[in-house]
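Secondary and tertiary structure notes
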Amino acid sequence: MIIETPPASVDVGGVLYDVDTDFGTMIEIENLIMGKEVTKEQRTFADEIIRYNPELSFDEACMNAKYHEALHLFYKGNIPQDLEKAIEKLVWFYGCGKSETKGKQGKKPLYSYRHDFDYINAGFMQDYKIDLFEVKSLHWWKFVSMFCALRDDCKIREIMGYRGADTKGMDKEQRKYIKEMQRRYALPDDGLTTEEEELRNRLQAELLNGGDVSGILKEKNS
């Protein structure tokens, strides 16, 4: 067994670039790329992109603007010139360096960092005595590992179990209870299309099971 220290830099074209490893930054990047919302600044930058690339649609330009903002956060303002390789390294880091697909494709969203953060934090406090609101820095790879290892009696694990539950084979009372819990803990509609929601759910399944997310994010960027 080889134990390696989680990286604080990535190699792009033979040059090492320091990156922001904090879990909060990576959650912000996920929201940027996977979210539907487009900020005023992103729209302005998208207009500039179209000026130099008129063949792009506005939606494509907005996605490029989101990726540029994500790269700015990840590389702490020092974005490599090779943007394609820079994005590949961002995706690799986001996926915790995994190269094998282990997870099952998710049909339902099991969690949301944005909407479930209080529950996730409660789980970290219960299991690890770590308050995510107060911790100065926590490496993304460590955060994901700890999140995946939360005990089953954590509230967030209970909620995820309800959301992903298959009611086939249950009796009437069990099915009624699960459906009630699914309504109670249903995630808000983020305005995603069916295809975008499927990509998000597949991404969650891969992260939870230690799989490779690079192919999924490439689909999102294609």
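Residues numbered from 1 in each chain as written. Predicted model: local features only at pLDDT ≥ 70, side-chain atom pairs only at ≥ 80, totals over all residues. Heavy atoms only, no water.

**Description of the packing of helix α5 (residues 117-128) against helix α6 (residues 140-148)**
As a reminder of what qualifies: Note on geometry: axes are C-alpha line fits, over the in-contact stretch for helices, and angles between N-to-C directions span 0 to 180 degrees. Only DSSP runs of H or I with at least four residues qualify as helices, and only runs of E with at least two residues qualify as strands; both kinds are numbered from the N terminus onward. For this classification, under 35 degrees means roughly parallel, over 145 means roughly antiparallel, 65 to 115 means roughly perpendicular, and everything else is oblique. Residue contacts are defined here by distance: any two heavy atoms, one from each residue, within 4.5 Å place the two residues in contact. Only Asp, Glu, Lys and Arg are considered charged, only Ala, Val, Leu, Ile, Met, Phe, Trp, Tyr, Cys and Pro nonpolar, and every remaining residue, Gly among them, polar.
Running from N to C, α5 and α6 point in directions that differ by 80°, and their axes come no closer than 10 Å. The orientation of α5 with respect to α6, classified from their angle, is roughly perpendicular. Taking contact as the criterion, the partners of I120, F124 and Y128 in α5 are, on α6, F143, M146 and F147. Considering only residue class, the contact of α5 with α6 consists of 6 nonpolar, no polar and no charged.

**Some points on the packing of aromatic side chains**
Within a pair of aromatic rings, the relevant descriptors are the distance that separates the centres and the angle that separates the planes. In plain terms, the rule: Here the aromatic set is Phe, Tyr and Trp, taking the six-membered ring for Trp, and pairing holds for ring centres within 6.5 Å; pairs whose planes are under 30 degrees apart are stacked, those over 60 apart are edge-to-face, and all others are tilted. For the exposure calls, accessible area comes from a 1.4 Å probe over protein chains only, and a residue counts as buried if that area is under 20% of its type's maximum, exposed if over 50%, partly exposed in between.
One pass over the structure, following the stated rule, counts 20 aromatic pairs. Pairing Y17 with Y75 gives two aromatic rings, centres 5.9 Å apart and planes at 85°, and the pair type is edge-to-face. One end of the pair, Y17, is in strand β2 (residues 15-18); the other, Y75, is in the loop between α3 (58-74) and α4 (83-94), with 58 residues separating them in the sequence. By relative accessible area, which is 14% here, Y17 ends up buried.

**Details of a positive patch on the surface**
Quick note on the threshold: Put simply, a patch holds well-exposed residues, over 30% relative accessible area, that have no salt bridge, with like charges counted together within 9 Å and Val, Leu, Ile, Met, Phe, Trp or Tyr side chains within 5 Å. Surface accessibility in these figures is a Shrake-Rupley result with a 1.4 Å probe; residues are shielded only by whichever protein chains are displayed. A side-chain nitrogen of Lys or Arg and a carboxyl oxygen of Asp or Glu constitute a salt bridge if their distance falls within 4 Å. The charge count includes Lys and Arg as positive and Asp and Glu as negative, but it does not include His or the ends of the chains. A single reference atom marks each charge: NZ on Lys, CZ on Arg, CG on Asp, CD on Glu.
A cluster of like positive charges, contributed by K108, K172, R175, K176, K179 and R183, occupies part of the molecular surface. Position of K108 relative to the elements: it lies in the loop between α4 and α5. With relative accessibility at 37%, the residue K108 sits in the partly exposed group.

**Some words on the pattern of salt bridges**
Pairing is possible between side chains that carry opposite charge, provided their charged atoms lie close to one another. For the structure shown, the criterion picks out 7 salt bridges. Across the salt bridge formed by R151 and D127, the nearest N and O atoms sit 3.2 Å from each other. Residue R151 is found in the loop between α6 and α7 (155-164), and its partner D127 is found in helix α5; the two are separated by 24 residues along the sequence. Among the residues examined, D127 registers a relative accessible area of 18% and is labelled buried. Beyond isolated ion pairs, a larger network of salt bridges with shared partners links D127, R151 and D153.

**A word on the confidence of the model for the protein chain**
Threshold: Confidence of the prediction at every residue is given by pLDDT, a number between 0 and 100.
Mean pLDDT for the protein chain: 86, with 80% of residues reaching 70 or above. Across the protein chain, the secondary-structure element scoring lowest on mean pLDDT is helix α10 (residues 214-221), at 51, and the one scoring highest is β2, at 98.

**With respect to α3**
Test applied: Under the convention used throughout, the expected extent of a helix is 1.5 Å for every residue step, that is, one less than its residue count.
Across its 17 residues, α3 extends 24 Å between first and last C-alpha, which sits within 8% of the 24 Å expected from 1.5 Å per residue. Once α3 ends, the next one or two residues include K76, with phi positive near 55°.

**Here we look at the side chain of T21**
Here T21 is to be found in the loop between β2 and α1 (23-34). Beyond its immediate stretch of four places on either side in the chain, T21 contacts P7, A8, F93, L138, H139 and W140.

**Describing the nonpolar core**
Selection criterion: By nonpolar core we mean a set of buried residues, namely Ala, Val, Leu, Ile, Met, Phe, Trp, Tyr and Cys, connected to one another through side-chain atoms within 4.5 Å.
Grouped together as the largest cluster of nonpolar side chains are 41 residues, with contacts concentrated most on F74, Y75, F124, W140, F143 and F147. For this core, the elements supplying multiple residues, two or more each, are β1 (9-12), α1, α3, α4, α5, α6 and α7. Those residues in contact with F143, other than ones at most four positions away along the chain, are F23, I27, Y113, I120, F124, L132 and L138. The next biggest cluster of nonpolar side chains, apart from the first, holds 6 residues, and it includes Y162, A165, I178 and M181.

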